[in-house]
Amino acid sequence: MEKREIIFEGNEKQVFATDDQDQVIFRYKDVTVAYNNVKRARFKGKGALDNQISAILLSYLNEHGVETHYIETLGEQEQLCRKIEIIPLQVVVHNRIAGSLAYRLGVPEGFRHENVIVDLRYNNDELEDPFINRDHAVALGLATYQELDRMYDIARRVNELLKPLFLQAGIELIDMKLEFGRASDSGAIIISDEISPDTCRLWDLETGERMDKDRFRLDLSRVVENYRNVLERLQKVIKS
Ligand code: TYD
């Protein structure tokens, strides 16, 4: 497999074409951004950690019947993925209320609720990823109602699989953002992008300490150290 030209350059990732038209290479950068790109920094080693954590979680999902775009890891910061047609939506699953949702609903961060909350956002930097509903998504032609049903079902299934996996690692999965695409061969809805401490809130089960991107957002110390801790704990669980 041959790496070809760059086809997408984001803040935190690059995507390269390959000699196979159905496959792309994702490269995780050491750059991190927050608050719609207002806050930005470089953390040496973070790209490699995100690459490895995402690889563990995406292959765990593949092995448990949830199709993702992940194929295999190629190098420290690179993974081979299926090429998909991007659906510009974010499906956000909350097990406990944190971040901007706490502000929106007027409850303290960490608020506990029995049900799982699923939010939908339009992936659009210019509009700052606004919250939308299914009707908006269909009106904009982003997805059909049937596809949205499928995305919600998959998001809940991913949560049912990853929540206990993180628990075994002594980590509480507070929330996570998922993105989807259409497989270029079958058109099936599959998980794309990454699942990592950049896209999840992860709290240490015992201490409640944040082990995710909030360390950067909130100017807490030891960003990379916490990501490494997440990786090492997941590696231990996967091996056992
Ligand atoms: P959400 O409650 O939608 O927004 P906020 O980060 O403002 O609280 O986010 C929940 C989770 O989704 C959180 O772990 C961060 C992640 N997320 C992303 O990875 N990318 C994004 O563009 C957004 C809006 C959220």
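The structure under discussion appears in the preceding block.
Now for a description of the structure that goes with this document. Counting from 1, residues in each chain are numbered in the order their sequence is written. Reporting of local features is limited, given that this is a predicted model, to residues whose pLDDT is at least 70; pairs of side-chain atoms are given and counted only at 80 or more, and all residues count toward the totals for whole chains, interfaces and linings. Only hydrogens and water are set aside when side-chain values are computed; all heavy atoms of the structure are taken into account.

Moving on to the site of the ligand. Here, proximity means that at least one heavy atom of the residue falls within 4 Å of the molecule or strand. Q90, S100, R121, D175 and R201 are the nearest of the 14 residues found near the ligand. Under this definition, polar contacts are N or O atom pairs within 3.5 Å; protein pairs additionally need one hydrogen-donor-capable and one acceptor-capable atom, and for neighbouring residues in sequence, both atoms have to be side-chain atoms. Between the ligand and Q90, the relevant distance is 3.1 Å, taken from an oxygen atom to a side-chain nitrogen or oxygen of the residue. D175 places a side-chain nitrogen or oxygen 2.7 Å from an oxygen atom of the ligand. Only the protein chains shown count as cover for residues, and all accessible areas are computed by the Shrake-Rupley method using a 1.4 Å probe. The fraction of the free accessible surface of the ligand (500 Å²) that becomes covered by protein chains is 83%. To qualify as a helix, a DSSP run of H or I must reach at least 4 residues; to qualify as a strand, a run of E must reach at least 2; elements of each kind are numbered from the N terminus. Elements represented by at least two residues in the shell around the ligand include exactly β8 (84-97), α2 (99-105), β10 (171-183) and β12 (200-204). Sort the elements by how many residues they give to the shell around the ligand and β8 lands first, with 3 residues. Polar here means any residue outside two lists: the nonpolar Ala, Val, Leu, Ile, Met, Phe, Trp, Tyr, Cys and Pro, and the charged Asp, Glu, Lys and Arg; Gly therefore counts as polar. Across the shell around the ligand, the residue classes break down as 2 nonpolar, 5 polar and 7 charged.

With that settled, the discussion passes to a nonpolar patch on the surface. A grouping of Y35, V38, L218 and L220 is seen on the molecular surface, where their side chains present a nonpolar patch of about 400 Å² in accessible area. Assignment of secondary structure puts L220 in the loop between α5 (214-217) and α6 (223-239). Patches in this entry comprise residues that are over 30% relatively accessible and not in a salt bridge; like charges within 9 Å are linked, as are nonpolar side chains (Val, Leu, Ile, Met, Phe, Trp, Tyr) within 5 Å. Throughout this description, the term salt bridge denotes a Lys or Arg side-chain nitrogen within 4 Å of a carboxyl oxygen of Asp or Glu.

So, on to the nonpolar core. We define the nonpolar core as a collection of buried residues of types Ala, Val, Leu, Ile, Met, Phe, Trp, Tyr and Cys that are connected through side-chain atoms lying within 4.5 Å of one another. Working definition: with a 1.4 Å probe on protein chains only, accessible area under 20% of the residue-type maximum means buried, over 50% means exposed, and in between means partly exposed. In terms of nonpolar packing, the biggest core is built from 53 residues, with L89 and L162 touching the most fellow members. Of all the elements in the fold, those that place two or more residues in this core are α1 (46-63), β8, β9 (111-122), α4 (145-168), β10, β11 (189-192), β12 and α6. The element best represented in this core is α4, accounting for 10 residues. Not counting residues within four places of it along the chain, the set of residues in contact with L89 comprises L120, R121, Y122, N123, I132, A137, L142, A143, L148, M151, L178 and E179. Core analysis: the second largest hydrophobic core is formed by 5 residues, V15, F26, Y28 and C81 among them. Should any heavy atoms of two residues lie within 4.5 Å, those residues are considered in contact.

In the sheet, strand β1 (residues 3-9) pairs with strand β2 (residues 13-18) via 4 bridges, with the strands oriented antiparallel. Bridge pairing in β2 links F8 to V15. The loop that links β1 with its antiparallel partner β2 comprises 3 residues. The pairing criterion is simple: DSSP has to find at least two bridges between the two strands.

In this section: the packing of α4 against α6. Relative to each other, α4 and α6 sit at 100 degrees, their axes nearing to 9 Å. Considering their axes alone, α4 and α6 lie roughly perpendicular with respect to each other. Packed against α4, whose contacting residues are L165, F166 and Q168, the element α6 presents V230, L234, V237 and I238 at the interface. Angles shown run from 0 to 180 degrees and are taken between the N-to-C directions of axes, each axis being a line fitted to C-alpha atoms and, for helices, limited to the stretch in contact. Here roughly perpendicular refers to angles of 65 to 115 degrees, roughly parallel to angles under 35, roughly antiparallel to angles over 145, and oblique to all remaining angles.

In this section: unusual backbone geometry. In most cases, non-glycine residues show a negative phi, while peptide bonds are predominantly trans. Phi is positive for Y35, close to 50 degrees, though the residue is something other than glycine. With respect to the helices and strands, the residue Y35 is situated in the loop between β4 (31-34) and β5 (39-42).

So far we have only geometry, and geometry alone does not tell us how the molecule works.
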